[in-house]
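Here's the letter readout for the chains.
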Amino acid sequence: FTFITKSLIVIICSFILILSAKIKVDLYPVPMTLQPLAILMIAMLCGKNMAVATVSLYLFKGMVGYPVFASGGGLPYLMGPTAGFLFGFLIASLIVGDLADRGWGKVLLKSAFAMMIGMLTIYLFGIIWLSTFYDLIPAIKMMQLYILGDLYKIILASILLPQIWKLTRSFK
């Protein structure tokens, strides 16, 4: 891809992230959104460099005040209870994107495992940060509400990814 093409992909993917943040179930203090699904799919399809660029652009838009996050935007949002999850998105995009660059996105079980690693990364950063507001055990207990939904997201993405790769090969 050319620089222009990669830049357009990053911009489009950042808008996909914004849309995924707006599809939510309001739970307190962390809403359940489609962001983890979008992050994992973008990382598996675009690879490390474009995934990290996408999430960085998304976080930058939110930091400067655009209402891109589930409930708004601005620098204070990046210091609230959900900040750990947002930064976890960046680290997960790095890890999962790297695994995708190694070909893990093209095989069902490897896709599922890579995305499980990504989801655990998001949870790790999210829970650590959330525990500064609610202590560790309550923070972990809060996350139990999300586990089943996130497992379904991983299953869906794992099934879709190899099919998307097959589809893209048919266009070549």
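Structure first, text after, so check above.
Residues numbered from 1 in each chain as written. Predicted model: local features only at pLDDT ≥ 70, side-chain atom pairs only at ≥ 80, totals over all residues. Heavy atoms only, no water.

1. Points about helix 2 (residues 35-63)
- Given a rise of 1.5 Å per residue, 29 residues ought to cover 42 Å, yet the end C-alpha atoms of helix 2 are separated by just 17 Å, more than 12% below that figure.
- The largest bend in helix 2 is about 135°, located at Gly47.
- Phi turns positive, to about 115°, at Gly65, one or two residues after helix 2. (Helix = DSSP H or I, 4+ residues; strand = E, 2+ residues; numbered from the N terminus. Expected span 1.5 Å × (residues − 1). Bend = angle between axes of the 7 residues up to and from the residue.)

2. So, the packing of helix 1 (residues 3-22) against helix 2
- Between helix 1 and helix 2, the shortest axis-to-axis distance is 8 Å and the interhelical angle comes to 90°. When the axes of helix 1 and helix 2 are compared, the pair comes out roughly perpendicular. Here Lys6, Ile9, Val10, Ile11, Cys13, Ser14, Phe15, Ile16, Leu17, Ile18, Ser20 and Ala21 of helix 1 lie close against helix 2, whose contacting residues are Gln35, Ala38, Ile39, Ile42, Cys46, Met50, Ala53, Thr54, Val55, Leu57, Tyr58 and Lys61.
- Considered class by class, the residues forming the contact of helix 1 with helix 2 number 18 nonpolar, four polar and two charged. (Axes fitted to C-alpha atoms, helices over the stretch in contact; angles between N-to-C directions. Parallel < 35°, antiparallel > 145°, perpendicular 65-115°, else oblique. Contact = heavy atoms within 4.5 Å. Nonpolar A, V, L, I, M, F, W, Y, C, P; charged D, E, K, R; others polar.)

3. Section: the layout of surface pockets
- Reported here for the largest pocket is a volume of approximately 260 Å³.
- What lines the largest pocket is simply Phe1, Lys6, Ile9, Leu45, Cys46, Gly47, Lys48, Asn49, Met50, Asp101 and Trp165.
- Here the lining of the largest pocket gets six residues from one element, more than from any other, and that element is helix 2.
- Among the residues making up the lining of the largest pocket, the classes are represented as six nonpolar, two polar and three charged. (1 Å grid on protein atoms, 1.4 Å probe; cavity = no way out; pocket = protein on both sides within 12 Å on 5 of 7 lines; lining within 4 Å. Points joined across faces, edges and corners; volume = space filled by probe spheres on them.)

4. Considering empty space enclosed by the protein
- Inspection of every chain in the model, using the stated rule, returns one cavity of 30 Å³ or more.
- Put simply, the largest cavity is a space of about 230 Å³.
- As for the largest cavity, its lining consists of 20 residues, of which Val30, Pro31, Thr33, Phe85 and Phe89 are closest to the centre.
- The element best represented in the lining of the largest cavity is helix 5 (residues 136-171), accounting for four residues.
- Classifying every residue of the lining of the largest cavity gives 15 nonpolar, three polar and two charged.

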